Amino acid sequence: MPTEVSTTVRSPLQETAATTCTQYWNDSCSIEELSYAIANGAVGATSNPTIVLAVLKKELAAWRDRIGQIIRDNPTWSEVEVSWKVIEEMAVKAAALLMPVFEREQGRCGRLSLQTNPTFYRNSEAILKQGLHFDGLAPNIQVKIPATRAGIAAVEEATYRGLNINATVCFTVPQSIAVAEAVERGLNRRAAEGHSTENMSPVCTIMIGRLDDWIKVVAHKEGVIITPGHMDWAGVAAIKRAYQIFQHRGYRARLLAAAYRHHMHWSELIGGDLSMTIPYNWQVLFNHSDVEVKERMQNPVDPQIVAELLRKFPEFRRAYEPDGMTMKEFDAYGATVRTLRTFIGSYAELLAFIRDFMLPDPDKK
């Protein structure tokens, strides 16, 4: 009898995860989407109020009864408390789905990143208090903290307290360095007091697509003409620059790419010892593409592209150069402001969504 030949073909994302040191996460806590991602090699996931709102709109049938039960069981709670209960329960469900990965990898991955209240971006103490609460929800929770001035201070203290952090609202090389340095201080403080850091896996996100977005906004506002396609390299150039610095300096925080806009946000990072948090729709597109899975992280961005971006956009220079911004300037950087406004706006929309369960509009009945 002829030998049976396996016809199983790995998807491009499975190939990325299986043949390189590059990890990928699901950029959502949706159980349906996370299940697809894990099947294709994902080893983590993320959540925030924006994502939770999207999941509720898409999968309301799975949550409608539970939201009603939370409201009935807690008659003194406001829409804020109910909303955070929903956010936390959604995170715990996703974390449970990732537990086999967490256990298999002995805590090195398999975590659910849960974002602190975006309105706390100026308040280190509030960020830390909520982060400590999140840490107790499940063994594999990672706490998302903004890379604002107050957030950097919270990163150090949270790391010192033993929390696994994921810095978010981060778009630039100087922000990522500030996060990495804060993580190092926190880890060193723990070690100096005899506390273990063995199972800690701190992460620093760079939202590369949102840096692209900001450069394009600047080009439109200022009437800048640039070679077509070059602005799509801004985020890739920034994370490759940060990656070189992290590798050279031996930072223990792991870089993570987020905010996907095109395939280079995946394909150009393949082979890097970093993570990628990819939205479900982009995962499907990548898995049905003919983009070759090969290591490109080591390939520098064309120097002519970088030179043109640096020459025409001071905002890119601020993002790309290690000393492009001081920590005092992080909160006012355009991409930071745009993203905080989006996150806070989505949070307000989530509260309004839950409010409709608590106070249904009588005019619509």
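Please refer to the structure higher up on the page.
Residues numbered from 1 in each chain as written. Predicted model: local features only at pLDDT ≥ 70, side-chain atom pairs only at ≥ 80, totals over all residues. Heavy atoms only, no water.

Caption draft 1: A look at the pairing of strand β6 (residues 203-207). Within β6, five of the five residues are buried, which leaves the element mostly enclosed by the surrounding structure. Residues of β6 alternate between two faces, with V203, T205 and M207 on one and C204 and I206 on the opposite face, all of them buried. Inspection of the sheet shows strand β5 (residues 165-168) paired to β6 by two bridges, in the parallel sense. Of the residues in β6, the one forming a bridge with A167 is C204. Handedness of the crossover is the feature at issue here: the chain leaves β5, passes through helix α8 (residues 173-192), returns alongside β6, and the resulting connection is right-handed. One ladder, built from five bridges, connects β6 with strand β7 (residues 254-258); its direction is parallel. In the sheet register, T205 faces β7, and the bridge partner there is L256. (Buried < 20%, exposed > 50% of the residue type's maximum accessible area, 1.4 Å probe, protein only. Helix = DSSP H or I, 4+ residues; strand = E, 2+ residues; numbered from the N terminus. Pairing = 2+ DSSP bridges. Right-handed = clockwise from strand over helix to strand, strands pointing away.)

Caption draft 2: Spatial organisation of the layout of surface pockets. For the largest pocket, the calculated volume is near 550 Å³. In terms of lining residues, the largest pocket is bounded by 27 residues, among which D27, N48, T50, I51 and P279 are the most central. Every element with two or more residues in the lining of the largest pocket is listed here: α3 (49-58), β5, β6, β7 and α12 (280-287). Looking at the lining of the largest pocket element by element, the count peaks at five residues for α3. (1 Å grid on protein atoms, 1.4 Å probe; cavity = no way out; pocket = protein on both sides within 12 Å on 5 of 7 lines; lining within 4 Å. Points joined across faces, edges and corners; volume = space filled by probe spheres on them.)

Caption draft 3: Examining the packing of aromatic side chains more closely. Going through the model one piece at a time under the given rule, you end up with nine aromatic pairs. Aromatic side chains F246 and Y251 sit 5.0 Å apart centroid to centroid with 80° between the ring planes, which places their arrangement in the edge-to-face category. Pairing W266 with F286 gives two aromatic rings, centres 4.7 Å apart and planes at 25°, and the pair type is stacked. Note that W266 is positioned in helix α11 (residues 264-267) and F286 in helix α12, a separation of 20 residues in sequence. Of the two residues examined, W266 and F286, each falls in the buried class. Taken together through their ring pairs, the aromatic side chains of Y260, W266, W282 and F286 make up a single cluster. (Phe/Tyr/Trp six-rings, centres within 6.5 Å; stacked < 30°, edge-to-face > 60°.)

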